[in-house]
Amino acid sequence: MNFFLDAIAWILDPANWVPGSQSPLPIGDRLVEHLIYSGVSLVIAMLIALPLGFYIGHTGHGRQFVIGFTGAMRALPTLGLLFFLTMVLRSGLSTTPAVLVGSVVAFVLLAIPSLLAGAYAGLESVSRESIDAARAIGMTEMQILRKVEIPLGLPVIIGGIRSATLQVIATVTIASYVGLGGLGRIISSGIGLNDYTVILGGALLVTVLALSVDGVFALLQRLTRTRGQTSRPLRSVQRNRSDAAVAPIVDERTPA
Amino acid sequence: MNWIASNLGLIFDLTINHVRLAIIPIILGFLIAVPLGWVASRNRVARTFIITTGSLLYTIPSLPLFVILPVILGTRILDDTNLVVALTIYAVAIMLRSATDAFGSVDRSIIESAKAIGFSRSGRFWRVEFPLAGPVLIAGLRVVSVSTIALVSVGVIIGSENLGYLFQNGKQRGILEEVVVGIVMSLLIALVFDLILVAIGRVLMPWSRAAGVRGKSGDPTDPDPATDSVSTRRVLAPPGAGVR
């Protein structure tokens with residue numbers, strides 16, 4: 001337990017938060033970097049994946065594509081993807097932009113499967129009766145999507161965003177090995193210096209960040225649940241049990 | 001191709017070690033998750049506890065978990081045990097959900113019938129529930145297998161010798177070919193493992209093939225609960241199941 005106490009003391013030590021201190025400090029800067037990289041990548045990924053997922057969920061076209069894509073992306077080693085992209089970009093760009101662009105592209109690629117699956121499964125979780133009723137009272141397809149399917153499917157859609165966010169936060173940590181900033185820097189320089197207090201401090205920071213973000217999303221999912229709808233988790237929404245064998249599972253992001 | 005030709009031995013050794021490091025967590029994860037999943041599918045309180053613990057552990061990113069484990073296990077930081085334990089934790093977390101779903105999807109009435117014709121508790125599990133849960137268990141195991149193999153390479157950061165070494169070494173020496181070989185070999189292992197699992201599923205559960213076919217052709221948005229339960233039953237109950 002001593003190690004943990006040392007690491008917590010290290011995190012709480014005001015000296016490690018002083019602006020301008022030596023890399024990988026100050027902690028605050030690394031935390032902000034971590035949040036910015038994650039946030040920017042997620043926004044880009046959402047702009048790509050959510051409309052596509054809504055299209056697939058609304059029309060039912062391309063379901064097999066999502067399943068295949070999700071499976072294939074799961075098999076891709078994140079560290080290899082990061083190194084590959086930054087090295088390829090390095091041939092055209094100087095180091096800093098190559099690392100930045102390469103990493104963000106990797107984060108976006110890794111976030112897309114969960115977002116896609118969440119968007120389409122969210123729409124699919126809406127009862128057929130609600131959609132038919134909306135159509136019967138004269139709503140256009142766009143209105144059905146915006147006023148019925150998305151609001152009712154929101155908890156599942158947010159579930160997809162939650163998985164994608166955790167995936168990206170984890171991958172940003174690893175990206176310190178291609179030279180990106182963020183909290184992973186603390187762990188990697190701790191490993192370099194063979195300073196276990198720093199390693200553990202960095203690890204605890206990332207863990208607390210991931211668990212807090214996860215908690216916020218869990219709360220959001222609860223708040224967006226429509227009253228009267230069953231509060232069962234996504235999985236039970238799949239009406240057809242045998243589907244569990246083929247459908248991509250939204251909350252099963254690949255750990256990274 | 002020069003790099004590949006002169007490093008075949010290295011690629012081979014790293015691949016073998018990669019496979020070894022991936023297989024242990026996949027098997028351990030399955031062995032631990034199946035009994036827990038069975039309990040979770042039978043008991044509400046246990047279910048909440050098991051699933052919550054699993055998903056919390058799953059939320060911890062891999063690199064932090066790798067370096068936190070030495071304190072808990074008393075291992076050195078550069079020890080493959082940390083990697084294997086971390087991957088097993090993830091495998092259990094993924095597999096738990098599948099196992100809970102798998103056992104939960106076995107039709108109650110089939111279990112009751114098995115009871116009625118005199119199956120013992122363990123007979124019911126081994127001859128009725130386990131085989132019927134099989135297709136969903138295999139589906140979960142495929143997810144575990146693919147993600148474990150992909151994740152092993154992160155272990156290079158804590159000194160594990162696997163295909164991740166090709167990423168790190170390739171980056172340091174500026175050999176893109178080396179990185180690509182690492183990615184391709186990792187994907188190949190994942191593909192081979194997946195094919196093996198599918199084959200195991202087909203051999204052990206010939207009826208599960210019907211599930212795949214039906215899942216694809218069936219309308220996923222079919223709202224009619226009547227047809228649902230019929231098709232579910234058709235898929236989940238092999239002819240003669242429980243009526244030995």
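All figures in this text were calculated on a predicted structure; none of them were measured in a lab.

*Asks:* Just checking my understanding: could you explain the overall build of chain A for this structure?
*Replies:* Looking only at helices and strands, chain A has ten helices and zero strands in total. For chain A, the residues scored as buried account for 50% of the 256 residues in total. A separation threshold of at least 6 residues defines the contact pool for chain A, and within that pool the share at least 24 residues apart is 74%.

*Asks:* How should the overall build of chain B be read in this particular structure?
*Replies:* Check the secondary structure of chain B and you find eleven helices and zero strands. Considering chain B as a whole, with its 244 residues, one finds that 45% of them fall into the buried category. Sequence separation of 24 or more characterises 71% of the internal contacts of chain B that already satisfy a separation of 6 or more.

*Asks:* Sorry, what's going on with the confidence of the model for chain B here?
*Replies:* Parts of the model with low pLDDT should not have their predicted coordinates read in detail. All names here are of chain B. Considering every residue of chain B, the mean pLDDT works out to 82; 84% of them sit at 70 or more. Low pLDDT, under 50, characterises residues 212-244; the stretch is placed with 52 contacts to residues that sit more than four places away or in other chains. We note a pTM of 0.82 for the whole complex and an ipTM of 0.81 for its interfaces.

*Asks:* Help me out: how do you make sense of the environment of V206(A) in this one?
*Replies:* If you trace the backbone, V206(A) turns up in helix α9 (residues 196-223). In this structure, V206(A) is in contact with T173(A), L183(A), P61(B) and P64(B), ignoring residues within four places of it in sequence.

*Asks:* Help me understand the packing of helix α8 (residues 184-193) of chain A against α9(A), please; the structure alone is not making it clear to me.
*Replies:* Residue and element names in this part refer to chain A. Two numbers describe how α8 lies on α9: the axes approach to 7 Å, and their chain directions differ by 165 degrees. In terms of orientation, α8 and α9 fall into the roughly antiparallel class. The two elements α8 and α9 cross, and the hand of that crossing is left-handed. Facing I186, I187, S189, G190, I191 and L193 of α8, the residues of α9 in contact are V198, I199, G201, G202, A203 and L205. Classifying every residue of the contact of α8 with α9 gives eight nonpolar, four polar and no charged.

*Asks:* Quick question: what am I supposed to make of helix α3 (residues 44-59) of chain B here?
*Replies:* In an α-helix, one turn spans 3.6 residues; hence positions three or four apart end up facing the same way. Residue and element names in this part refer to chain B. The end-to-end C-alpha distance of α3, which contains 16 residues, comes to 22 Å, matching closely the 22 Å that a straight helix rising 1.5 Å per residue would cover. Residues of α3 that are buried: I50, G54 and Y58. Looking down the long axis of α3, one finds its buried residues gathered within 65 degrees of arc, a one-sided arrangement. Of the exposed residues in α3, the ones pointing more than 90 degrees away from its buried face are R44, V45, T48, T52 and L56. Lining the buried residues of α3 we find α2 (8-42) and α5 (80-104).

*Asks:* Just checking my understanding: could you explain the packing of helix α3 (residues 63-75) of chain A against helix α5 (residues 95-124) of chain A for this structure?
*Replies:* A pair of packed helices can be characterised by two numbers: the angle between their axes and the separation between those axes. Residue and element names in this part refer to chain A. One can describe the packing of α3 onto α5 by two numbers: an axis separation of 9 Å at closest approach and a directional angle of 150 degrees. Judged by the inter-axis angle, α3 sits roughly antiparallel to α5. In the crossing of α3 with α5, the sense of the turn from one axis to the other is left-handed. In contact with V66, F69, T70 and M73 of α3, α5 contributes L110, P113, L116, A117 and Y120.

*Asks:* Looking at this model, I keep getting lost on unusual backbone geometry. Mind explaining?
*Replies:* A negative phi angle characterises most non-glycine residues, just as the trans form characterises most peptide bonds. Residue and element names in this part refer to chain A. Phi at N194 is positive, roughly 60 degrees, even though this residue is not glycine. Inspection of the secondary structure assignment puts N194 in the loop between α8 and α9. For N194, a count of 9 C-beta atoms within 10 Å puts it in the exposed group.

*Asks:* Any chance you could explain the confidence of the model for chain A here in plain terms?
*Replies:* Residues and elements named next belong to chain A. Looking at chain A as a whole, the pLDDT averages 83, with 88% of positions reaching at least 70. When the elements of chain A are averaged for pLDDT, helix α10 (residues 234-237) gives the smallest value, 42, and helix α2 (residues 27-59) the largest, 92. Long-range and interchain partners of residues 231-252, a stretch whose pLDDT sits below 50, account for 61 contacts in this model, where long-range means more than four residues apart.

*Asks:* I keep staring at helix α7 (residues 141-174) of chain A and nothing clicks. Help me out?
*Replies:* For α7(A), which comprises 34 residues, the first-to-last C-alpha distance of 42 Å sits more than 12% below the rise-based estimate of 50 Å (1.5 Å per residue). The largest bend in α7(A) is about 65 degrees, located at L154(A), with the proline P155(A) one to four residues further on.

*Asks:* How do you make sense of the nonpolar core when you look at a structure like this?
*Replies:* Counting 136 residues, the largest nonpolar core has A111(A), L115(A) and A99(B) as the members making the most contacts within it. Here the element with the most residues in this core is α5(A); it accounts for 17 residues. Not counting residues within four places of it along the chain, the set of residues in contact with A111(A) comprises S41(A), L42(A), A45(A), A164(A), Q167(A) and V168(A).

*Asks:* Before we go on, may I ask you to explain the environment of V105(A) in this structure?
*Replies:* With respect to the helices and strands, the residue V105(A) is situated in helix α5. Note: C-alpha distance between V105(A) and T171(A) (66 residues apart in sequence) is 12 Å.

*Asks:* Sorry, what's going on with the environment of G164(B) here?
*Replies:* As for its placement among the helices and strands, G164(B) is situated in helix α8 (residues 164-173). Looking at G164(B), the number of C-beta atoms within 10 Å reads 26, which means it is buried. Once the C-alpha coordinates of G164(B) and S153(B) are considered, the two residues, eleven residues apart in sequence, prove to be 4.0 Å apart. The contact partners of G164(B), leaving out residues within four places of it in the chain, are L79(A), V152(B), S153(B), V154(B), G155(B), V156(B) and G182(B).

Criteria and thresholds
- All residue numbers here refer to positions counted from 1 along the written sequence of the relevant chain.
- Labels follow written order: the first chain is A, the first ligand is 1, and so on.
- Only residues with pLDDT of at least 70 get local features here, since the model is predicted, and only at 80 or more are side-chain atom pairs given and counted; chain-wide, interface and lining totals rely on the full set of residues.
- A run of DSSP states H or I qualifies as a helix once it reaches four residues; a run of E qualifies as a strand once it reaches two. Both are numbered from the N-terminal end.
- Remark: C-beta atoms are placed from the backbone, and a residue is labelled buried if 20 or more other C-beta atoms sit within 10 Å of its own, exposed if 12 or fewer do, or partly exposed between those counts.
- Residue pairs are scored as contacts if the distance between their C-beta atoms, which are placed from the backbone, is within 7 Å.
- Each residue carries a pLDDT score, the predictor's confidence in it, ranging from 0 to 100.
- Under this scheme, a helix contributes an axis fitted over its contacting stretch, all axes are lines through C-alpha atoms, and angles between N-to-C directions fall in the 0 to 180 degree range.
- Throughout, the term roughly parallel applies to angles under 35 degrees, roughly antiparallel to angles over 145, roughly perpendicular to angles from 65 to 115, and oblique to all others.
- Left-handed describes a crossing whose near helix is turned anticlockwise from the far helix through less than a right angle; right-handed describes the clockwise counterpart.
- Here the nonpolar group is Ala, Val, Leu, Ile, Met, Phe, Trp, Tyr, Cys and Pro; Asp, Glu, Lys and Arg are the charged ones; every other residue, Gly included, is treated as polar.
- Given a helix with a known number of residues, its expected span is that number minus one, times 1.5 Å.
- Taken from the helix axis, the directions to the C-beta atoms give the arc we talk about.
- Note on bend: the value at a residue is the angle between axes fitted to the seven residues ending there and to the seven starting there.
- Only buried Ala, Val, Leu, Ile, Met, Phe, Trp, Tyr and Cys residues enter a nonpolar core, and they are joined through C-beta atoms within 7 Å.

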